[in-house]
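The residues making up each chain are set out below.
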Amino acid sequence: MDSSSTTYQIPCQPTTERPAAAADPPEELVAGPPVVYLPVRLAPDGTPQEVPLLRLADSRVALLGYSALDRLRACLGERQPWMLATAEVLAALAEHRPYDVKVLDLPVPPEHRARLLGAG
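Everything numeric here is computed off the predicted structure, so don't read it as measured data.

Trainee: Would you explain the packing of aromatic side chains in this entry?
Mentor: Applying the stated criterion to the full structure yields 1 aromatic pair. Summarising the aromatic geometry, the rings of Tyr 37 and Trp 82 are spaced 5.2 Å apart at their centres and angled 65 degrees between planes, so their arrangement reads as edge-to-face. Of this pair, Tyr 37 sits in strand β2 (residues 35–39) while Trp 82 sits in strand β7 (residues 82–86), placing them 45 residues apart in sequence. Exposure remark for Tyr 37: the relative accessible area of 17% places this residue in the buried category. Take Trp 82: its relative accessible area is 35%, and that puts it in the partly exposed class.

Trainee: Just to check I follow, could you spell out the confidence of the model for the protein for this structure?
Mentor: Atom-level detail of predicted coordinates should not be read off regions where pLDDT is low. Taken as a whole, the protein shows an average pLDDT of 78; of its residues, 71% reach a score of 70 or greater. Here residues 1–11 scores under 50 on pLDDT; set against residues more than four positions off or in separate chains, the count is 21 contacts. This stretch, residues 18–23, has a pLDDT under 50; its non-local contacts, to residues over four places away or in other chains, come to 10 contacts.

Trainee: Sorry, what's going on with the nonpolar core here?
Mentor: In summary, soluble globular proteins display a tendency toward joint burial of nonpolar side chains. Counting residues in hydrophobic clusters, the biggest one holds 16 residues, and the most contacted among them are Leu 64, Tyr 66, Leu 72, Leu 76, Val 103 and Val 108. Among the elements of the structure, β5 (53–56), β6 (61–65), α1 (69–76), β8 (101–104) and α3 (110–117) are those that each provide at least two residues to this core. For this core, the element with the most residues is α1, which contributes 4 residues.

Trainee: It is not clear to me how unusual backbone geometry should be interpreted in this structure. Could you clarify?
Mentor: What is expected of a backbone is that most residues other than glycine have negative phi and most peptide bonds are trans. One non-glycine residue, Ser 59, adopts positive backbone phi at about 80 degrees. If you trace the backbone, Ser 59 turns up in the loop between β5 and β6. Taking relative accessible area as the criterion, Ser 59 reaches 37% and is therefore assigned partly exposed. Of note, the phi angle at Asp 105 is positive, near 60 degrees, even though the residue is not glycine. Mapped onto the elements of the fold, Asp 105 is located in the loop between β8 and α3. Judged by relative accessible area, Asp 105 falls into the buried class, the value being 17%.

Rules used in this analysis
- Residues numbered from 1 in each chain as written.
- Predicted model: local features only at pLDDT ≥ 70, side-chain atom pairs only at ≥ 80, totals over all residues.
- Heavy atoms only, no water.
- Phe/Tyr/Trp six-rings, centres within 6.5 Å; stacked < 30°, edge-to-face > 60°.
- Helix = DSSP H or I, 4+ residues; strand = E, 2+ residues; numbered from the N terminus.
- Buried < 20%, exposed > 50% of the residue type's maximum accessible area, 1.4 Å probe, protein only.
- pLDDT = per-residue confidence, 0-100.
- Contact = heavy atoms within 4.5 Å.
- Core = buried A, V, L, I, M, F, W, Y, C linked by side-chain atoms within 4.5 Å.

Printed below as a string of C-alpha cells:
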C-alpha cells in the first residue's frame, strides 16, 4: 500500500476475495440506519454490476455504506453511482459476496476514488 493511503480514516484497498482464515476479533454491535446507500460499479449499459468491497489494513473485508445520500455524495463525489440497501439486501449481498465488517460514512479523497471504487 502506498504512503498516500494514510489520508484515509481506515486504510483500505480494493478486493475481490476474502482474506485467509484469521481469528475473528470480538465485534461490537452498533445500531445502524434502517437503509444504507452503497456505492456501485456500473455495467456498460448503465445497470448496477457490482458493490465494491475493500480490504482494510488488518486484512478484513469491508462493505462501504453511507447513512444518507448527501453523505455518499460528500464522501465519494456527486457522480458516484449508488443503490439503496435494506437489511435484507445486505444479508443477500453477504451470502453472495461475504464481508467481515460494515464501514459507515467513510470519506474517500478524490484522488483515490477511481482506484478504490472504479468511480471518478
